[in-house]
Amino acid sequence: MDFSFTEEQSMLRDTVAAYLGDHYDFDKRRAAVSKEPGWRPDVWKAFAEELGILGAPFSEELGGLGGGPIENMVVMEEFGKALVVEPYLGTVVIGGGFLKHSGHAGAADLIGGIIEGKTIFALAYAEPKGRYNLAALETTAKKDGAGWTLNGHKAVVIGAPFATHLIVTARTSGGARDAGGISVFIVEKNAKGVTTRDYPTVDGFRASEVYFENVSLGADALVGPADNGLPLIEKVVDEAIAATCAEACGVLRKLHEGTLEYTKQRKQFGVPISSFQVLQHRMVDMFINVEQAVSMTYMANIKVSDDAERAKAASAAKVQIGKACRFVGQNAIQLHGGMGMTDEMAIGHYFKRATMIETAFGSVDHHLARYEFLSLGKAA
Amino acid sequence: RDLSGSNLTVGPDYADGLAGEMFNGRKTSIYGGSNEIQRNIIAKMVLGL
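The structure displayed is predicted, hence computed values, not measured ones.

Analysis parameters
Residues numbered from 1 in each chain as written. Chains lettered and ligands numbered in written order. Predicted model: local features only at pLDDT ≥ 70, side-chain atom pairs only at ≥ 80, totals over all residues. Heavy atoms only, no water. Helix = DSSP H or I, 4+ residues; strand = E, 2+ residues; numbered from the N terminus. Rg over C-alpha atoms; globule rule 2.2 N^0.38 Å. Buried < 20%, exposed > 50% of the residue type's maximum accessible area, 1.4 Å probe, protein only. Contact = heavy atoms within 4.5 Å. Areas by Shrake-Rupley, 256 points an atom, 1.4 Å probe, with all protein chains shown as cover. Lys, Arg positive; Asp, Glu negative; His and termini not counted. Charge placed at Lys NZ, Arg CZ, Asp CG, Glu CD. Buried area = accessible area lost by both parts, 1.4 Å probe. Salt bridge = Lys/Arg side-chain N within 4 Å of Asp/Glu carboxyl O. Polar contact = N/O pair within 3.5 Å; in protein donor to acceptor, adjacent residues only side chain to side chain. Nonpolar A, V, L, I, M, F, W, Y, C, P; charged D, E, K, R; others polar. Patch = residues over 30% accessible without salt bridge, like charges linked within 9 Å, V, L, I, M, F, W, Y side chains within 5 Å.

Trainee: Explain the overall build of chain A to me, please; I cannot follow it from the model alone.
Mentor: Each helix and strand counted, chain A has eleven helices and ten strands in total. A compact globule built from 380 residues would reach a C-alpha radius of gyration of about 21 Å, and chain A, at 21 Å, matches this within 12%. Principal-axis analysis of the C-alpha atoms gives chain A an extent of 80 × 50 × 45 Å. Looking at the 380 residues of chain A, the share that counts as buried comes to 54%. In chain A, the proportion of contacts linking residues at least 24 apart, taken out of those at least 6 apart, comes to 72%. When the accessible surface of chain A is summed, it comes to about 16,100 Å², and 53% of that surface belongs to carbon and sulfur atoms. Across chain A, the mean location of the 38 positive side-chain charges is 7 Å away from that of the 46 negative side-chain charges.

Now the structure itself:
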């Protein structure tokens, strides 16, 4: 198998890395996330206009760069290295994914809005009692004439404070954890009846609790098939997992490199602590975790477009990435000693991002159970 | 508006402050003599290595 990147993909990586090097160093990032609004719209504008990367996975007919999962992977890894908080995952990967795969009538216009930098999506799927189960939904959409009335509470909607539109998974029929009876809707964030409670998350990102009270949705709000939206949700979430694994690779590389660098210059007992065999072996174990995470990420992104292979590939990758985020993140702080506990050093910020990624879209245990279910065809 | 600290919470009451405790607890294997140093001491003093 040929794992080399094309010339265009290498150029994409270099362009993104160069922009982030100039505009997204650690001090600038730290300053931006510690005050309102928690992100930089001018950076998003540059992504749209200067770099054109918001069109990365969209066809050229729609105004995009004609790329796919590998282009998303390249962008997300660079974003991980710089701890970028701007909502590429929610908007380009997830919003774009729902629009591309559903045949939604307004898809071309909304994708145009994404590429221009005007339309920003956040995925409102998780609920307080959901426990990573995409079908555990108490948010309801009741049929109302040609449209629906939406009621419910979505928890920890990452990027909702920056979004113009929410993608909402809701129950249109059936029992609270049934696989059937689920539909997907696009809801404008400023629609009547939508309220949000915004807050920062530990990794410098922003999220909201989103409450829907008798929100009126027109017939055109539906994305994908009514009552049978779960397959579409699973497909897009697997794409989001593959992209998140790529972001994790960037974070993991920085955790490892930062630890190597620190231990080489930190002296104790008269010598650099990198000369101690225990720490050398630990950094080798960290390195092995990083390499395995990168390999699993390549595998997931290569297989994510194949509906027969996608789910197992995404869950397998998420297991490895989850374990790597825990091992590499925790050991990075350990090897930095007391300095690792400070807010001034970048290492703690990478560690907190890795800790959030560890359980994003499902913990290690959740994805092991899913992999078992997919392999053996019965509940774990 | 100060966004640092634990005065912004979300989720069930029993989870209040847990994230802060989890991250603050990271120090326990470092301070007062790191785990690696403790292993050195045990190797020398207990195992005679």
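Trainee: Would you take a moment to explain the interface of chain B and chain A for this structure?
Mentor: Note on interface size: it is often stated as the accessible area lost on association of the parts. Counting from both sides, the interface comprises 17 residues of chain B and, opposite them, 23 residues of chain A. Overall, the association of chain B and chain A removes approximately 1,600 Å² of surface from exposure, summing both partners, and the carbon and sulfur fraction of that is 65%. Linking chain B with chain A are one salt bridge, by the criterion used here. Note that Arg282(A) and Glu36(B) form a salt bridge whose closest N and O atoms lie 2.9 Å from each other. Inspection of the chain B/chain A interface yields five residue pairs in polar contact (both at pLDDT 80 or more). Listing elements by their share of the side of chain B that touches chain A, those giving two or more residues are helix H1 (18-24) and helix H2 (35-46) of chain B. Sort the elements by how many residues they give to the side of chain B that touches chain A and H1(B) lands first, with four residues. A breakdown of the residues in the side of chain B that touches chain A according to their chemical character gives eight nonpolar, five polar and four charged.

Trainee: Help me understand unusual backbone geometry in this model?
Mentor: Keep in mind that most residues, glycine aside, have a negative phi and that most peptide bonds are trans. Residue and element names in this part refer to chain A. At the junction of Glu36 and Pro37, the peptide bond is cis and its omega measures out at 0° in the coordinates. Of note in the backbone geometry, Tyr132 takes a positive phi value of approximately 70° without being a glycine. Mapped onto the fold, Tyr132 is located in the loop between strand S1 (121-124) and strand S2 (140-144). According to the relative accessible area criterion, Tyr132 is partly exposed, its value standing at 34%. With phi around 70°, Asp227 is a residue other than glycine that occupies positive phi space. Its place among the elements puts Asp227 in the loop between strand S8 (222-223) and helix H7 (230-265). Judged by relative accessible area, which is 34%, Asp227 ranks as partly exposed.

Trainee: Hey, could you run me through the pattern of salt bridges in this one?
Mentor: Here the idea is simple: oppositely charged side chains can pair when their charged atoms come close. Residues and elements named next belong to chain A. Tallying each qualifying case throughout the model produces 20 salt bridges over all chains. A salt bridge links Arg30 to Asp343, with the shortest nitrogen-to-oxygen separation between them at 3.0 Å. Highlighted residues: Arg30 in helix H2 (residues 26-33) and Asp343 in the loop between helix H9 (310-336) and helix H10 (346-359), separated in sequence by 313 residues. The network of salt bridges with shared partners includes Arg13, Glu77, Glu78, Lys81 and Arg253.

Trainee: Would you mind showing me how to read a nonpolar patch on the surface here?
Mentor: All names here are of chain B. A grouping of Ile41, Ile42, Met45, Val46, Leu47 and Leu49 is seen on the molecular surface, where their side chains present a nonpolar patch of about 690 Å² in accessible area. Secondary-structure assignment places Leu49 in the segment after H2. By relative accessible area, which is 72% here, Leu49 ends up exposed.

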